[in-house]
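Spelled out, the chains give:
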Amino acid sequence: MSFFDVVFYLFATITVMAGMGVVVARNPVHAALFLVLAFCSAAGIWMLLEAEFLAITLVLVYVGAVMVLFLFVVMMLDINLVKLREGFWRWFPFGALLAGLMVFEMIWVLGSREIADVSSAVVHAADYSNTKELGRLIYTDYVYPFEIAAVILLVAMVAAIALTLRRRPGVKTQNIAEQVKAKKADRLRIVSMPSEPKV
Amino acid sequence: MMEWLLPIQNLLGTAWLPVWTAVKIMVIVGPLMGAVAYLTLAERKVIGWMQIRIGPNRVGPFGLLQPLADGVKLLMKEIIIPSGSNKFLFVIAPVMALMPALAAWAVVPFNAELVLADVNAGLLYILAMTSLGVYGVIIAGWASNSKYAFLGALRSAAQIVSYEIAMGFALVTVLMAAQSLNLGEIVRGQQGSYGMLNWYIIPLFPMFLIYLISGVAETNRAPFDVAEGESEIVAGFHVEYSGMAFALFFLGEYANMILVAFLTSIMFMGGWLSPVPFLPDSIVWMFAKVAFVLFLFLWFRATFPRYRYDQLMRLGWKVFIPITIIWVVVVGGWMQTPYWLW
């Protein structure tokens, strides 16, 4: 077994263990932290495949931003663990069925010969820049799908903000521009008065 | 490769590379820890002088042994673990705060040759590592099981996520100008026959300011230190920490400050390049620029009152992010014209 294989199996084991941890952990904060670990080790596997842009972006976007907000929300929840586990056995057959289906699909897709042939990794020279190649492809061959995806995301974001935006009447807020524009003369009146004689 | 090392290399065989890399890591981290220790002294001295005080001057000549005394004191103190805390996460949180602050140094070039890992996606790696620093703060705040610590953690999370966007966009303009994500290439892109005028600080000046201010916010330094906010929430996320556990947070914060100073000088101020054409490029310039940026950090702390939380959010989202997006478009257009001289 080469060093490459050792590293791959190490990362793969950690990813699978962390994935199990997400499901098994009782405390939702622990589950979220296990998910962070799973993302980090998945990034390690992608790094092994010389996809350094995707690997670092996974850490940057999912670990650095998405999971921070996840933790932010999960920490503020007041979760009753007993209530959470109540329906476990009732839903277990359904969950097991879904899990079995996904395992079957993955074996079917990843085990097929065509995929296995494609995935035999091409080793690139040291000066090969994955980021540059990816950028070139996205902005030439796939520019329309990429731009359309970007616009869809923008629309989704605007929609999400519009849904949560509510104007409550009678709320006192500051008008920062007005505050910045305020001059001394607006607030302060300097009165010139003669000093009074000593009594 | 240095000649005198060859016998050792032959002796170790395949173990040579990990050993040599470990030595290089030591050579970076050791002086960094020393710099962190003396940055604390510099901070107290500089702020002292700015406020017409003397600052520490009892331990050693000019107080030069003060950081050692502080270190010994922190080592001797008991680490108290609150009984209501989540013990594992409570202990691991300071490590999570320090780890990314050190890991980011792997790709920082000190001069044209001195760099641990000369990777192509260096800038992305730096962004990823600095975005991980927030976990130490969040986990510390949650694991302490204390209201003040938790409020500090929430503030810090919101602040870092907000300022990271402006920071990222500011760096996008740099990589547009340099056309590379490699930090060494970014410095070489600022090389030219006009010294200072070739640096990216000239065309990207607004981005320089935004990067610097976001860097201050990202490291939770005054005037953006709402995560600590001692007048409001005692000490924020590290209120329950004592001894070395507290010291690790401290080390992480100062290591991050030095990192931001290095990055500012690499991205905008030409790294190791000389500011005037008739002097040679050298690592000395790098350290001089870093010292200048660090002085700005201390100056800010001595000068500005703390931002109010809502104003901080307004500055990040409503001022910085629009400016950076506009400047990305401006630089993109500018680069298509013959007036782009960098």
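Bear in mind the structure is a predicted one, so any value in this text is a computation, not a measurement.

Visitor: How do you make sense of the overall build of chain A when you look at a structure like this?
Guide: Helix and strand counts for chain A stand at 10 helices and zero strands. What you see in chain A, going N to C, is helices and strands ordered as α-α-α-α-α-α-α-α-α-α. Burial statistics for chain A: of 199 residues in total, 13% are counted as buried. Of the contacts made within chain A by residues no fewer than 6 positions apart, 55% connect residues no fewer than 24 positions apart.

Visitor: What am I meant to see in the environment of Phe70 of chain A here?
Guide: All names here are of chain A. As for its placement among the helices and strands, Phe70 is situated in helix H3 (residues 52-76). Take Phe70: there are 17 C-beta atoms within 10 Å of it, and that puts it in the partly exposed class. Sequence separation between Phe70 and Val199 is 129 residues; the distance between their C-alpha atoms is 72 Å.

Visitor: I would appreciate a short explanation of the packing of helix H11 (residues 243-267) of chain B against helix H12 (residues 283-303) of chain B in the present structure.
Guide: The relative placement of two packed helices comes down to the angle between their axes together with the axis-to-axis distance. All names here are of chain B. Between H11 and H12, the least distance of the axes is 8 Å, while the angle of their chain directions is 125°. Taken together, the axes of H11 and H12 are oblique relative to one another. Every pair of crossing elements has a handedness; the one defined by H11 and H12 is right-handed. Between H11, through Met257, Ile258, Ala261, Phe262, Thr264 and Ser265, and H12, the contact on the second element is made entirely by Met286, Lys289, Val290, Val293, Leu294 and Phe297. Looking at the contact of H11 with H12 residue by residue, the classes come out as nine nonpolar, two polar and one charged.

Visitor: Sorry, what's going on with the interface of chain B and chain A here?
Guide: Between chain B and chain A, the residue contacts involve 16 residues of the former and 17 residues of the latter. Of all the secondary-structure elements, those providing two or more residues to the side of chain B that touches chain A are helix H5 (122-132), helix H6 (134-143) and helix H7 (147-178) of chain B. Top element by residues in the side of chain B that touches chain A is H5 of chain B. It accounts for six residues. Partitioned by chemical class, the residues of the side of chain B that touches chain A number 13 nonpolar, two polar and one charged.

Visitor: Help me understand the confidence of the model for chain A in this model?
Guide: Any region with low pLDDT has predicted coordinates that should not be read closely. Predicted confidence across chain A gives a mean pLDDT of 83, with 88% of residues reaching 70 or more. By mean pLDDT, the top-scoring element of chain A is helix H8 (residues 143-164) of chain A (92), and the lowest-scoring one is helix H6 (residues 113-118) of chain A (60).

Visitor: Quick question: what am I supposed to make of the environment of Ile165 of chain B here?
Guide: All names here are of chain B. Among the structural elements, Ile165 can be located in helix H7. What makes Ile165 partly exposed here is the crowd of 17 C-beta atoms within 10 Å. On a C-alpha basis, the gap between Ile165 and Phe300 in space is 22 Å, while along the polypeptide they are 135 residues apart.

Visitor: Mind showing me how you'd approach the nonpolar core here?
Guide: As a rule of thumb, nonpolar side chains are buried together in soluble globular proteins. Residue and element names in this part refer to chain B. Ile138, Ala153 and Ile258 are the most contacted members of the largest nonpolar core, which has 119 residues in total. For this core, the element with the highest residue contribution is H7, accounting for 17 residues. Here Ala153 is in contact with Val137, Ile138, Ala140, Gly141, Trp142 and Phe237, once residues within four sequence places are set aside.

Visitor: I keep staring at unusual backbone geometry and nothing clicks. Help me out?
Guide: Glycine aside, the phi torsion of most residues is negative, and most peptide linkages are trans. All names here are of chain B. In this model, Gln179 sits at a positive phi of 55°, which is unusual for a non-glycine residue. Among the secondary structure elements, Gln179 is positioned in the loop between H7 and helix H8 (183-188). Under the C-beta neighbour-count criterion, Gln179 is labelled exposed, with 11 such atoms within 10 Å. With phi around 55°, Asn220 is a residue other than glycine that occupies positive phi space. Take Asn220: it is sitting in the loop between helix H9 (205-218) and helix H10 (230-233). For Asn220, a count of 27 C-beta atoms within 10 Å corresponds to the buried category.

Visitor: Explain the packing of H7 of chain B against helix H13 (residues 309-336) of chain B here, please?
Guide: Residues and elements named next belong to chain B. Running from N to C, H7 and H13 point in directions that differ by 15°, and their axes come no closer than 9 Å. Judged by the angle between their axes, H7 and H13 are roughly parallel. The hand of the H7/H13 crossing is left-handed.

Thresholds, definitions, all that
Residues numbered from 1 in each chain as written. Chains lettered and ligands numbered in written order. Predicted model: local features only at pLDDT ≥ 70, side-chain atom pairs only at ≥ 80, totals over all residues. Helix = DSSP H or I, 4+ residues; strand = E, 2+ residues; numbered from the N terminus. Buried ≥ 20, exposed ≤ 12 C-beta atoms within 10 Å, placed from the backbone. Contact = placed C-beta atoms within 7 Å. Axes fitted to C-alpha atoms, helices over the stretch in contact; angles between N-to-C directions. Parallel < 35°, antiparallel > 145°, perpendicular 65-115°, else oblique. Left-handed = near helix turned anticlockwise from the far one by under 90°. Nonpolar A, V, L, I, M, F, W, Y, C, P; charged D, E, K, R; others polar. pLDDT = per-residue confidence, 0-100. Core = buried A, V, L, I, M, F, W, Y, C linked by C-beta atoms within 7 Å.

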